[in-house]
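# Structural characterization, general
So the chains spell out like this:
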Amino acid sequence: MIRLPELEYRILAALEPGKVVSVAELVEATGKDQSLIMAGATLLAKRGLVVVTEEANEEFTLTQEGAEVEGGRLPERIALEKIDKSGGTLAFAELPTLLNKKDVRAEVKWLTKKGWCSRDSGVLAITDAGRAALRERDSADERLIWYLCQGGYPFQQMDHALQHAGIDVAAARALLKGRDNLVKVKTRINRRLSLTEAGVALKAGGIKRAAEINQLTPEMLATPRLVQITNDMIAMGLFRRYDPNLPTAPKYPGKEHPLQRVIQEIRQAFFEMGFEEVASPTVDTAFWVFDALFQPQDHPAREMQDTFYMAEPKCGRLPDDKLVQAIARTHENGGDTGSTGWRYKWDIEKARQLVLRTHTTSASIRALAANPNPPRKVFCIGKTFRRENTDQTHLAEFMQIDGIIIDEQATLATLFGTLEAFYKKMGAEEVRFRPSFFPYTEPSAEVFAKMGSLGWVEMCGSGIFRPEVTRPLGCKVPVLAWGGGVERIAMLRFGLEDIRKLYMADIDWLRQARLSG
Ligand code: PHE
């Protein structure tokens, strides 16, 4: 007869020689939660009484969108059937009418990807594979979705259950690749326990539950029996070392948003390099966003389709007239910058227009105008806006980091050195520079960072401000300038392949994102 602590006792009691029992079943049998069972199992395994085997099991869950796929009939099947009914071929442009929906990109993508339709000079035609799909009425992915829609499946052995239901799990997985808007796949480790020979022998000799004290209470400390109790426990081998490596349930305490963390890291990096931070209006006059940067008033970036203009109020206040006149002259004839300017009539009304700033370079130029005396290093982080379609690497509302270095000794090497150090600090494997053009810098360069599977991604624009920018502000020394996306840095930092992830409330990702580097 041997006495065992409660947890180990309960687990051993639930195990029979020659039987393999899952942790889930032990949870059921003992009423203890999973992390406790695993802790007990680990202790028993260390003493050679049980073995723990692990088996990976794939778990599929439907998203909201997936749950709405009626009867497991995916949109491309519905499209396929309709194309079949209308004769087997269809002019591509007619598909929206046929399906009675505006956006048919998903249908077309999967019809062609699955090889159900060919697409040739604007015509969709059902292929042999498409005809086979029509006869078969469903495919592995649809069968899987249909099955999940029924509910009531056992999570613990989902792939056994799926196979049992006649679903080709591997084929379904292959077909569902890239469709995690419908079905999410998670790999779960199932752990199962069985007795070793030593465990069987121990059980055969008889096991008993020992009295166990898990916590010292103030009352216990106050009794003279404490010493007695402790000695008894030591004698019974019931004192256990505190083991921080035992498994527990994961905890997800509140934490900063990953993007917020990246912003703090960027600020820290620039502070460490001796920069001061400035703020600047999000809604600003075109004067500071464009004109002061020597961007001509007919520049395409200023057009309505690229820039958001304020409807109400339409105009804002300009700085003192001397500065406005200096900028006007620079645009018209170069003023005293040695340039010929853009040679057109500068319109003060256009400069008064209020816009949602399209870059934070407006902050840099405001900082330069406020104090052009070297040496200075200034940066700004803030929201910027462009009328842009969103995709993997673009957002219409995003954040930028802009910086300038005002220094007599500053050169292109200073600029490249600073930016390379910065982006490497943010996690870039490599940094590259490529000649480019901006209306306000000469020379200009685009900066690319290498990021994992995305390869080379453009991080920022940079250059040395032209005299047409610095002179009217009373600055006579070189000014290095750059500006680029903050979310791109976050992609780098968190290995994201889709920038939109940062603005979706994906709780799994938010929980798992590792904030410390
Ligand atoms: N403002 C530019 C952009 O938004 C970047 C830039 C800033 C380029 C400063 C040169 C100098 O892309």
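Conventions and cut-offs
- Residues numbered from 1 in each chain as written.
- Predicted model: local features only at pLDDT ≥ 70, side-chain atom pairs only at ≥ 80, totals over all residues.
- Heavy atoms only, no water.
- Salt bridge = Lys/Arg side-chain N within 4 Å of Asp/Glu carboxyl O.
- Helix = DSSP H or I, 4+ residues; strand = E, 2+ residues; numbered from the N terminus.
- Buried < 20%, exposed > 50% of the residue type's maximum accessible area, 1.4 Å probe, protein only.
- Contact = heavy atoms within 4.5 Å.
- Near = heavy atom within 4 Å.
- Polar contact = N/O pair within 3.5 Å; in protein donor to acceptor, adjacent residues only side chain to side chain.
- Areas by Shrake-Rupley, 256 points an atom, 1.4 Å probe, with all protein chains shown as cover.
- Nonpolar A, V, L, I, M, F, W, Y, C, P; charged D, E, K, R; others polar.
- Patch = residues over 30% accessible without salt bridge, like charges linked within 9 Å, V, L, I, M, F, W, Y side chains within 5 Å.
- Lys, Arg positive; Asp, Glu negative; His and termini not counted.
- Charge placed at Lys NZ, Arg CZ, Asp CG, Glu CD.
- Domains from an automatic or database assignment.

## As for the pattern of salt bridges
Scanning the model with the defined rule gives 31 salt bridges in all. Taking the shortest distance from any N to any O, the salt bridge between Lys32 and Glu6 comes out at 3.5 Å. Linking Lys32 in the loop between α2 (23–30) and α3 (34–46) with Glu6 in helix α1 (residues 6–14), this pair joins segments that are 26 residues apart in sequence. Residue Glu6 is classed as partly exposed on the basis of its relative accessible area of 21%.

## Side note on the environment of Leu26
Tracing the sequence through the fold places Leu26 in helix α2. Under the relative-accessibility criterion, Leu26 is labelled buried at 1%. Each C-alpha atom, one on Leu26 and one on Ile11, is 7.1 Å from the other, the two residues being 15 residues apart in sequence. If we ignore the near neighbours within four places in the chain, the residues touching Leu26 are Ile11, Ala14, Val21, Gly31, Ile37 and Leu193.

## Details of the site of the ligand
Surveying the vicinity of the ligand reveals 13 residues, the closest of which are His359, Thr361, Arg386, Gln400 and Tyr440. Between the ligand and the protein, one listed contact pairs a nitrogen atom with a side-chain N or O atom of His359 at 2.9 Å. In this structure, Tyr440 approaches the ligand through a side-chain N or O atom, which is 2.9 Å from a nitrogen atom. Coverage of the ligand by the protein chains reaches 91% of its 330 Å² of free accessible surface. Contributing elements (two or more residues each) for the shell around the ligand: β13 (397–406), β16 (455–465) and β17 (479–485). Residue classes in the shell around the ligand are distributed as four nonpolar, seven polar and two charged.

## Side note on a negative patch on the surface
The grouping of Asp298, Glu303, Asp306, Glu388 and Asp391 at the surface amounts to a negative patch. In this fold, Asp306 is placed in the loop between α16 (286–289) and α17 (321–333). Asp306 gets classed as partly exposed once you look at its relative accessible area, which sits at 32%.

## Some points on the domain arrangement of the protein chain
In terms of domains, the protein chain is made up of domain 1 (62–180), domain 2 (213–249) and domain 3 (261–509). A straight line from the C-alpha centre of domain 1 to that of domain 3 covers 46 Å.

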